[in-house]
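Overview (structure and organization)
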Amino acid sequence: MTSQTLSSSRSTRLDARAIGCIAAVAIVYGLLLISILMGGEAKMGGALLINFAIPPVLLITNAVYASRATALAHPLRALLFPLLCSAVALPLLFALITPYDGECSAESVCTNMGTWYINWSTMDQVWYFLLVFAVAAFAGFGVVLFVRWIITRVRHT
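Cut-offs applied
Residues numbered from 1 in each chain as written. Predicted model: local features only at pLDDT ≥ 70, side-chain atom pairs only at ≥ 80, totals over all residues. Heavy atoms only, no water. Helix = DSSP H or I, 4+ residues; strand = E, 2+ residues; numbered from the N terminus. Expected span 1.5 Å × (residues − 1). Bend = angle between axes of the 7 residues up to and from the residue. Contact = heavy atoms within 4.5 Å. Salt bridge = Lys/Arg side-chain N within 4 Å of Asp/Glu carboxyl O. Buried < 20%, exposed > 50% of the residue type's maximum accessible area, 1.4 Å probe, protein only. UniProt positions renumbered as here; feature names shortened; annotations may be inferred. Phe/Tyr/Trp six-rings, centres within 6.5 Å; stacked < 30°, edge-to-face > 60°. Lys NZ or Arg CZ within 6 Å of the ring centre and 35° of its normal.

The next thing to look at is helix 3 (residues 42-66). Taking 1.5 Å of rise per residue, 25 residues should cover 36 Å, and helix 3 covers 33 Å from first to last C-alpha, within 8% of that figure. At leucine 49, helix 3 shows its maximal bend, which comes to roughly 50°. On its buried face, helix 3 sits against helix 2 (16-38), helix 4 (69-73), helix 5 (75-78), helix 6 (80-87), helix 7 (89-97) and helix 8 (123-156).

And the structure:
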């Protein structure tokens, strides 16, 4: 009987919606990683991803993640999902935005890394997109969780 309880508690923590949300975020970040690794014109695809694809995916997947019953039962534990969705983007954004081939301009602060440079003056763009990703993730999560909390309170009164 104890093994059934442990098995059922594990299955409720990672249900189909949670696995789908994790897969959606992994796919979109995987596409971003592929565009970074391919380099050249593929980086433009990465720029399009961070502008137009990743924020809506984070908004929707975190909203779906918050619609799970365990998210309402354990909101602080469930809050780790939007936090991780945002934090994972930092190295990817850094790899997409800061390095470039060629010479460093006079008004930029650069570090030479062999044949390419890291432009530290573009870090404001990295922080901007990290903020956009965090707002999208936490907004999707927070709105759905708040609405579910209100519905639960109204039903119990």
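We now examine the pattern of salt bridges. Under the definition given, this model contains 1 salt bridge. Among the ionic pairs, aspartate 15 bridges to arginine 68, the shortest N-O distance being 3.0 Å. Residue aspartate 15 is located in the loop between helix 1 (2-13) and helix 2, and its partner arginine 68 is located in the loop between helix 3 and helix 4; the two are separated by 53 residues in the primary sequence. The partly exposed category is assigned to aspartate 15, whose relative accessible area is 22%.

Moving on: the UniProt feature "transmembrane region" (unreviewed entry) in the protein chain. According to UniProt, the "transmembrane region" (unreviewed entry) feature falls on residues 18-38, 44-66, 78-97 and 126-151. Split by type, residues 78-97 is 90% helix and 0% strand. Its first and last C-alpha atoms lie 30 Å apart. End-to-end, the C-alpha atoms of residues 126-151 are 38 Å apart, and along that stretch the chain is 100% helix and 0% strand.

So, on to the packing of aromatic side chains. Using the criterion set out here, one finds 4 aromatic pairs in the structure. Between the aromatic rings of tyrosine 65 and phenylalanine 81, the centroid separation amounts to 4.2 Å while the plane-to-plane angle is 20°, which identifies the pairing as stacked. A residue pair is termed long-range when its members are at least 10 positions apart, and tyrosine 65 in helix 3 and phenylalanine 81 in helix 6 qualify at 16 residues. The class for phenylalanine 81 is buried, based on a relative accessible area of 11%. A cation over an aromatic ring shows up here: arginine 68 above the ring of tyrosine 65, its NZ or CZ 4.4 Å from the ring centre.

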